[in-house]
Structure formats: structure tokens, C-alpha cells
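Here is what each chain is made of, one letter per residue.
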Amino acid sequence: MKLYSTFSEFRADLQSGKVTCEGYVTDLLKEIKNQQDLNCYLETFDESALDQARKADAKLKAGQAGKLAGMVIAIKDVINIKGKKVSCASKILENFTSVYHATVIEKLLAEDAILIGRTNMDEFAMGSSNENSAFGPVRNPVDKTRVPGGSSGGSAVAVAAKLAMTSLGSDTGGSIRFPAALCGVTGMKPTYGRVSRYGLVAYASSFDQIGPFANSVSDLALVMEVISGHDEKDSTSSPKPVEPFGQGLGNSISSLKFGIPKQYLGDGLQPEVREKLTAAAGYLKSLGCQVTEVELPHTEYCIATYYILTTAEASSNLARYDGVRYSFRSKDPVTLNDMYVRSRSEGFGAEVKRRIMLGTYVLSAGYYDAYYTKAQKVRRLIREDFTKAFDQVDVLLTPTSPSPAFKIGEKTTNPLEMYLSDIYTVSANLAGIPGISVPAGTASDGLPVGVQLLGKHFDEQTLLNAAYHIEKANLK
Amino acid sequence: MAVTPKDVDYIAALAHLKFGEAEKAAMVTDMNNILSYMEKLNELNTDQVDPLTAITDAENVLRPDEPKTMLQNEDALSNAPSKIGPFFRVPKVIDQL
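Residues numbered from 1 in each chain as written. Chains lettered and ligands numbered in written order. Predicted model: local features only at pLDDT ≥ 70, side-chain atom pairs only at ≥ 80, totals over all residues. Heavy atoms only, no water.

(A) Fine view of unusual backbone geometry. All names here are of chain A. In this structure, Ser151 follows Gly150 across a cis peptide bond, with omega equal to 10 degrees. The phi torsion at Cys88 lies on the positive side, around 55 degrees, for a residue other than glycine. Turning to its location among the elements, Cys88 is positioned in the loop between β2 (72-76) and α4 (103-110). Residue class for Cys88 comes out buried when judged on its relative accessible area of 0%. Positive phi, normally seen in glycine, also occurs at Lys162, with a value near 60 degrees. Relative to the helices and strands, Lys162 resides in the loop between α5 (153-160) and β4 (166-171). With a relative accessible area of 34%, Lys162 lands in the partly exposed category. (Helix = DSSP H or I, 4+ residues; strand = E, 2+ residues; numbered from the N terminus. Buried < 20%, exposed > 50% of the residue type's maximum accessible area, 1.4 Å probe, protein only.)

(B) Representation of the interface of chain B and chain A within the structure. At the junction of the two partners, chain B supplies 55 residues and chain A supplies 62 residues. Between chain B and chain A lies a buried interface of about 5,300 Å² when both sides are counted; carbon and sulfur atoms form 69% of it. Contact with chain A buries surface across chain B, with Leu41(B), Leu52(B) and Ile55(B) losing the most and accounting together for 14% of the total. In this structure, Glu232(A) and Lys68(B) form a salt bridge, with 2.5 Å as the shortest nitrogen-oxygen distance. Along the contact surface separating chain B from chain A lie 19 residue pairs in polar contact (both at pLDDT 80 or more). Elements with a contribution of two residues or more to the side of chain B that touches chain A: α1 (5-14), α2 (21-38) and α3 (73-77) of chain B. Ranked by residue count, the leading element in the side of chain B that touches chain A is α2(B), at nine residues. (Contact = heavy atoms within 4.5 Å. Buried area = accessible area lost by both parts, 1.4 Å probe. Salt bridge = Lys/Arg side-chain N within 4 Å of Asp/Glu carboxyl O. Polar contact = N/O pair within 3.5 Å; in protein donor to acceptor, adjacent residues only side chain to side chain.)

Following this line, the structure appears as C-alpha cells:
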């Protein structure tokens, strides 16, 4: 069967009558089962997806179809879809069935998208390799002995393996951009407040954003256009108008100024990744763009700041899993407290417990100011670094990951080493700015390498357009 | 300020978690490694810096206080591990008071 990597390709074949939504979804569901070893889907929504496909076919025929009619989308298992399980790849929510739609789901369905299944991830979005899932690791389709990156590994792999045209993930410190880079697809973390978080299971509420993965920047822009916008159910969502992002692609970028942060070129960066970054910069220069070096002086403090604040927020957010209203309850609890403690200790995985412990520690009496308040202060300094950089340039160009995909099991024994994988991505969440990872060729062993573009608050349009040009360059 | 097994017990109690001996030993090591890395922030003088507590510029986001359809009782209870009538059911708590 022909697997479609992009929506535009699929729409062209739909229009010429070569394929129907129903026919394609039927075949695709079989193909997903054939490729179960990737472990990217926790569940496929066979019945409802086929139903949505038939509706899309009928609407297309009647000329009443929404913007996404026929787009097959996979959803990270952290976003609520009414009537479907949402488990956050955790034992503690293994049997939880959602009772409402997240706002992004309402928006996708209103445009006639087809929701094909829910994707595997690091438990509660905590991880950089997708090895923390209670339901097994996800494998990188380029090399199955390697990780796809995390935490939205399943969503990245579904798109990379053409088992969905696009997907949604969530990004708290790089969980969309990092796996996008490692799997050779594009992924975007929108500005904090651009996309409603209503119905996204919370990890660290002042960092979390939902965003898309795609095989093309134009698909990415289209999904962004649909899911963005104010939502009265999320008071942190912005009332700023949403541009038709897709229409802005292709405009000349020769007047744009790009900055490469000097501090992102340090020791940890693998030479081959650096070469790809240099090649991308060279291409931008060939278009007439200015590319200069800029300073982000507090870069070396980002990881520490990030892990103090996100574990603190997580320890608070995850307090709700107590076995009372939903989630796993331990057998035969003796007292209420015994029920809380055993349900949580048996239900959460090791990394989630580690982060709850760290977060509880940094918020506890005597340590609150030394860790938590201190990190909030440094967060301001980090955000100011970006404000200053964006006085000089329009877009920052950086590596997405210090190296291509590493081996499954390579970093699991040392949590701190795993945390350091996020070095180039956490800063965008600390500052609340948008970021995108776009493929920039492959390393000598064939593994994909991505470059990251970071932009000003709510300047997704410029980022998408710059990414569109880099995609067009088809860097090797 | 090194984290001891006793600290782990105290923090675990606050977080409603419990660890076996091996898990506890690993937690002591991991927490010490990670927290000592976090102490890197002390290199910075932040006396004159205000904590950043909200990441958007929005302030006092208000909306009209209008009644709307909420989650129905049946739906709210649909994932309950144990329930009785319209209520969630938990082990007896009176003795603990």
C-alpha cells in the first residue's frame, strides 16, 4: 500500500479519486498492526476513525469539508478525547476513560480530522528518550536499536513512519522538538498561551504547551492554525489573533536577521551536528539573510532552573492521583492514608517518583527559598537574555539536540545525564517563546539531525516561514 | 546539604510515597547528585532580581460569572475505583481523627 507522508499529497489523490478516506484508514490500521514493534501506538481508534473517515468522504463529496478533512492525526496519550482512554503511559491511569474533549480535540474534529490513535510517551511526559513508558519503550524507525527521543516519542515515530500524517504532542522542556529532531520530522512548540491547555494532563503548568509534528512545514502550519487561539477554559491562553500560518509560507526571508547563540556551541555538541547547523546558516546567508553570533549568557543555568521549577510544579500537579476519584487504587487499603501511599507508590514509575520527590524537596520548609525562589529569579534572567537577543535578531538558530539518537538503555542508569539531553530545548519553555525543530540532513551513520529555530513571543509565523525555507533547501 | 535516608523518609511522607530499602538507597544517591547540580545556581547573585512567577503578561483574566453545563454526577463517578450512590467511597477515616 502507499503510505502518505503529507496531507497535501493525500488531498491531491483524494481529489483525483485515487483514494478515499475510508479506504486509506482501513489499510493504515492494518499497517499500524504490521509495525507494532515500533510500539508508537498504545491504542488505535479503529471504529471511530473509520466513522470519521466516512464522514470526511461524505463532506468532501458534498463540498462541505473542513480544512483537515482526511488528515490522519495521532494524539499523544496525555490529551483528553471523550470516551477514549488517556493513560499518560502510566499504570496509575491505565484504566482511565476521559469524560470530555480537550479544546484542541474539539478544534481538530470541527475541521473533520481523523483521529487514528493514542501514542506512547514517557510516563506523564517525564523523560527524553521514551524509555519511561509503563508500556515499553518506543523504537526509532530509522534504527530500531535507538531511542526516538521523548517525551512525545510515539507521536514523532507515528509521523516519521508515515503511520499518521501529523500528530499532536506536548512540550514542557523539549518533548516535541527533541524527538522531532531524532526522528527526522518537524515539530513545533508554540508560544506559551498560543494553544489552549484545557484537557492536557498537567505536568508543569507554567511550561506545558501542546504542539504538532508533521513531515512538512505546510502541514505543521495548517495544524497550528487550527489548534491555536484563545479559549475561555484556559485563562493563560492568549486573546491574540491567529494568523493563517499556511498562507504566509514562502514569503521572502532575506530581510530576516538570524542569531546563533555562542553558548550553544560548547563542548557537549557533537561535531556532525555542528556541521549541520553551519550548513543551515550557510543556506540562510545564501538567501541574503544576516547570520550573526549572539549571547545568551545564562544558558549554563537553564537545566538546573528547569528541573527545580518543573519538578516543583509536577509534585503539586500529581498530588491529584490519590486513588479517590479516579486513577489506580491499591488493593484492600486499611486506612485512607495507607490508600494514598500504596496507590501512588504502586501506580507511579521510578522517574515520576524521582521528580515528585525532588519537587517536594525543593518546595519543603527550609529549602523553598534556596531552590524554588532562586530558580524563579534565574528564570527571569534567562527570559531577559532572550529579550536582549531579540533586540538584535529576529530568529535564533541552534542545534535541537547535542547528538543524534542514542541507543536504547544508553542513558537510563544516570538520570542527570538524561536531563542534560534537553540542554538546547528547555530555554524556550523557561522563556515562554516558540520553537521549531526542522530536519537538517543526516549524520554519517544515517541518523537524522535537526536544527532548532527560536522566535519572539507569538511570532510563530516568522518561525514557520523560516523553517519552510530550510526544508526547501533539502540539506543532506 | 546532603540528603540522608531520613530526609528521604520525611519527603516521601509529605509526597505520600513509600520506598523499599533498595529504592530508598537509589533515591538518596539520585537526589544528592541532582540537587548538587542544582546548586550551580548559587554562582549567580540574584539579590536584586524579582522571581518570575507568571510566564504570560496577562493579569486578572476575568469572565462573566454565568452558569454553564458542568460534568454530570454520573460522568464524574465513572472512573471512581469505588463508589456508593452519588459519592466516592474511601476507607473509614473517623478513627484517624
